[in-house]
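Here is how the chains run, residue by residue.
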Amino acid sequence: MAKSCYVHIPFCGSICYYCGFCKSVSSNAVKEKWIDQIHKEIQSKPISSLDTLYFGGGTPNILSKEMFRALSLPLMEFLDSDYEWTVECNPEFITENQLQEFQQLGVNRLSIGVQTFQDSLLQKIGRHHSSKQAMDSINLSREFGFHNLSVDLMYGLPGQSLDDVIRDLETFFSLGIDHLSIYSLQIEENSIFGKKGICSCDDELEADMFEQIVKMCKKHGFEHYEISSFARNQQYSKHNLSYWTDQDFYGIGCGAAGRENGILYENTKDLVSYCDRGPMPSFISETIQERAFDSIMMALRTQFGLDVTAWQKRYGLDFFMQYKNVLKKYLGTYLCLEKNHLFPTEQGMEILNTILVDFLSEN
Ligand code: SF4
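Criteria and thresholds
Residues numbered from 1 in each chain as written. Predicted model: local features only at pLDDT ≥ 70, side-chain atom pairs only at ≥ 80, totals over all residues. Heavy atoms only, no water. UniProt positions renumbered as here; feature names shortened; annotations may be inferred. Near = heavy atom within 4 Å. Nonpolar A, V, L, I, M, F, W, Y, C, P; charged D, E, K, R; others polar. Buried < 20%, exposed > 50% of the residue type's maximum accessible area, 1.4 Å probe, protein only. Helix = DSSP H or I, 4+ residues; strand = E, 2+ residues; numbered from the N terminus. Pairing = 2+ DSSP bridges. Axes fitted to C-alpha atoms, helices over the stretch in contact; angles between N-to-C directions. Contact = heavy atoms within 4.5 Å. Patch = residues over 30% accessible without salt bridge, like charges linked within 9 Å, V, L, I, M, F, W, Y side chains within 5 Å. Areas by Shrake-Rupley, 256 points an atom, 1.4 Å probe, with all protein chains shown as cover. Salt bridge = Lys/Arg side-chain N within 4 Å of Asp/Glu carboxyl O. Lys, Arg positive; Asp, Glu negative; His and termini not counted. Charge placed at Lys NZ, Arg CZ, Asp CG, Glu CD.

In the nomenclature of an unreviewed UniProt entry, the protein corresponds to Heme chaperone HemW from the organism Faecalicoccus acidiformans. What UniProt states about the protein under its Sequence similarities (unreviewed entry) heading is, verbatim, "Belongs to the anaerobic coproporphyrinogen-III oxidase family. HemW subfamily." The protein has a UniProt comment under Function (unreviewed entry) that states "Probably acts as a heme chaperone, transferring heme to an unknown acceptor. Binds one molecule of heme per monomer, possibly covalently. Binds 1 [4Fe-4S] cluster. The cluster is coordinated with 3 cysteines and an exchangeable S-adenosyl-L-methionine."

Draft legend 1. Examining the site of the ligand more closely. Taken together, the residues surrounding the ligand are C12, S14, I15, C16, Y18, C19, F21, G57, G58, T59 and R127. Considered class by class, the residues forming the shell around the ligand number six nonpolar, four polar and one charged.

Draft legend 2. Quick look at the pairing of strand β4 (residues 109-115). Counting buried residues in β4 gives seven out of seven residues, a clear majority hidden from the surface. Residues R109, S111, G113 and Q115 point to one face of β4 and L110, I112 and V114 to the other, with burial holding for every one of them. As paired strands, strand β3 (residues 79-89) and β4 are joined by four bridges and run parallel to one another. Within β4, the position partnered with V87 by the bridge is L110.

Draft legend 3. Spotlight on the sheet that holds strand β12 (residues 282-284). Across the sheet, which stays open at both edges, the three strands sit in the order β10-β11-β12 with antiparallel pairing between neighbours. Every other strand in the sheet has two partners, leaving β10 (257-260) and β12 as the edge strands with one partner each. Going across the sheet, the axis of each strand differs from the next one's by a mean of 30 degrees, ignoring polarity.

Draft legend 4. Here's a closer look at the environment of Y17. Note on placement: Y17 falls in the loop between β1 (4-9) and α1 (28-44). Residues Y17 and K196, 179 residues apart in the sequence, show an inter-C-alpha distance of 9.5 Å. Once residues within four sequence positions are removed from consideration, Y17 is found in contact with Q123, K124, I125, G126, S191, I192 and F193.

Draft legend 5. Examining a negative patch on the surface more closely. A grouping of D202, D203, E204, D208, E211 and E350 is seen on the molecular surface, where their side chains present a negatively charged patch. With respect to the secondary-structure elements, D202 resides in the loop between α7 (192-196) and α8 (203-219).

Draft legend 6. The arrangement of the pattern of salt bridges in detail. For the structure shown, the criterion picks out 15 salt bridges. Between K218 and E346 there is a salt bridge; the shortest N-O distance is 2.7 Å. You can see K218 sitting in helix α8 and its partner E346 sitting in helix α15 (residues 346-350), a full 128 residues away along the chain. As a salt-bridge pair, R259 and D246 come within 3.0 Å of each other at their nearest N and O atoms. Here R259, found in strand β10, pairs with D246, found in the loop between α9 (238-244) and β9 (250-252); they are 13 residues apart in sequence, far enough to count as distant. A single burial state applies to R259 and to D246, both of which are buried. Each of D246, D248, R259 and R314 takes part in one network of salt bridges that share partners.

Below, the structure written as structure tokens:
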């Protein structure tokens, strides 16, 4: 039975130029219909207890206080005593009232979408908050008792230099936050950048940026615990770890994905259809081999790696026989095997996609 739940809130104040997620700028009437469907969807799930609850988007903190409460109440009763409840927040919409409401409801982790601390770059990517607003919202969150904070940054932005990335990281470290998620810009075809034919920065610069990020994070005591995630004081994202360790999770809302009884599904991405007819999930049929490969792919994203014994038991396959060539090629410099756990070295993380292609070819 799944112990994690992702709820997708597909509303935003405006559309960022790089964004390819499921989102819209909608009226309150649409949001009312949406929330009715969310309630029906929650009721249709066999949820009994949750270790982690994650509100992602879109922009979850664009919801009014009343709507946020209405969304939360039916899920709160399932939270276990040691739960993690994360809400993704856009600094543009963080207010004292909202933080007070989050505290009262029991939200205990905020993931703040800063993207960059430089105003000129924020404008270039279509973000409507300033760097100061981002920093003020982080400080305000702390004042309201939120100490489990994560910041999202991006690199490889149009016109961003290596020095810009270094400055962003220095600002991030000065804030004393224990978790960083940092992603390179991917140009999605359906984003404004994609439609305008904007290209991502060149591969060499992007690789230099990534190398610098890893170096600086390590210097500041962060573990590179997942390919795009860094944490200090073991402040890992418990919710994301459930994805990376092959656990089931409920996916609720328009544009959400989930996995129940090992079967992946994706809800409709069309908000009008969702409001009228509910999630209409598409189930993704996978062979055991495909599921077994997905499990390897997710586990190798992390420093904790793959528990080979558990994997063999779960999928009924002989890992060492099946992947003998790829293991021969990468074990040592790029992959490590300790106590039957296979994990990537730092060099392995840098070429993870190549390693995974080789795993896939042996599937
Ligand atoms: S990046 Fe986030 S805030 Fe911007 S449009 Fe996409 S979902 Fe909305």
